[in-house]
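Spelled out, the chains give:
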Amino acid sequence: MTHTEFDFNRLEPRDVYKLLIGTVVPRPIAWVTTISAEGVPNAAPYSFFNCLSSDPPILALGIENRNNRSFKDTAANIRSTEVFTVNIVGRSNIDAMNITATAFPENINEIEMAGLTMIEGASVSCPRIAEAPVSFECKRYIGVEIGTSREIVLGLVLRAFIRSDIVDPQNHHTDHTKLDAVGRMGGHGYAFSQDYFDLPGMSVDEFDSGQYPRFSEPNS
């Protein structure tokens, strides 16, 4: 089996981008809602996103600047208000999410343009999206500028709203089939999270004995 080697120091940033988004997949999507200092709500999806810590609970966003290096509305709003909400994208939200990715002028409320319902934040000043299966209200924990092209924002989760049919409030387990989250692939591609399998971990003794869990293709 052969591999093609790429020296990132010799590639244009756009080519690095294409290699990363085409191979680091599927990526979860943060459907971020913020509010400007003037009170205009904003919504936009970001797939440079993940959960980095549970204690403290930290979510991370990678927000690319505009071509002229100015901040996008999401980054500018987070800087001015210090809060944001991460909404998770479910199957029924796909078209609305795509609308909010449109580069509307900064005085346009993407949430209204997408026909979505805003719910006032409980711990933050920005709204959450009622139609989203999960929402995390966050306070800006730290921001790290990555050159002139991007900022990484770490958010401390203050409160979560999880659709009641998805979560068991007693044991805090969630049902991924009812969540039905959407992931981001390369290019214009997306993926669903229903292609699921279990694979338990193993002890050293199980490994040494050769009697340890192994992956098998479904219906094989």
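Residues numbered from 1 in each chain as written. Predicted model: local features only at pLDDT ≥ 70, side-chain atom pairs only at ≥ 80, totals over all residues. Heavy atoms only, no water.

Undergrad: Could you clarify how one ought to interpret the side chain of Asn-109 in this entry?
TA: Counting through the fold element by element, Asn-109 comes out in the loop between helix H3 (94-100) and helix H4 (110-113). Residue class for Asn-109 comes out buried when judged on its relative accessible area of 10%. One polar contact links the side chain of Asn-109 to the main-chain amide nitrogen of Ile-111, over a distance of 2.9 Å. Residues within four places of Asn-109 in sequence aside, it is in contact with Pro-41 and Met-118. (Helix = DSSP H or I, 4+ residues; strand = E, 2+ residues; numbered from the N terminus. Buried < 20%, exposed > 50% of the residue type's maximum accessible area, 1.4 Å probe, protein only. Polar contact = N/O pair within 3.5 Å; in protein donor to acceptor, adjacent residues only side chain to side chain. Contact = heavy atoms within 4.5 Å.)

Undergrad: Whenever I open this one, the sheet that holds strand E11 (residues 182-184) confuses me. Can you help?
TA: Within a sheet, each strand pairs with its neighbour through backbone hydrogen bonds, oriented either parallel or antiparallel. Read across the open sheet, the three strands follow the order E1-E11-E12; overall the sheet is antiparallel. The open sheet terminates on both sides in strands that have one partner only, identified here as strand E1 (27-28) and strand E12 (190-192). The pairing of E11 with E12 spans three bridges and is antiparallel. When the bridges of E12 are listed, Arg-184 appears paired with Tyr-190. (Pairing = 2+ DSSP bridges.)

Undergrad: Any chance you could explain the pattern of salt bridges here in plain terms?
TA: Side chains that carry opposite charge are capable of pairing whenever their charged atoms lie near each other. Tallied over the entire structure, the rule returns nine salt bridges. Where Glu-145 meets Arg-79, a salt bridge forms, and the shortest distance between an N and an O atom there is 3.0 Å. In this pair, Glu-145 is assigned in strand E9 (residues 134-146) and Arg-79 in helix H2 (residues 73-81), connecting sequence segments 66 residues apart. Judged by relative accessible area, Arg-79 falls into the partly exposed class, the value being 32%. Arg-91 is the salt-bridge partner of Asp-180, the closest N and O atoms lying 2.7 Å from each other. Separated by 89 residues along the polypeptide, Asp-180 in the loop between helix H5 (176-179) and E11 and Arg-91 in the loop between strand E6 (83-88) and H3 bring together distant segments of the chain. Shared partners join several salt bridges into a network, and the residues in it are Arg-79, Glu-82, Arg-140, Glu-145 and Glu-151. (Salt bridge = Lys/Arg side-chain N within 4 Å of Asp/Glu carboxyl O.)

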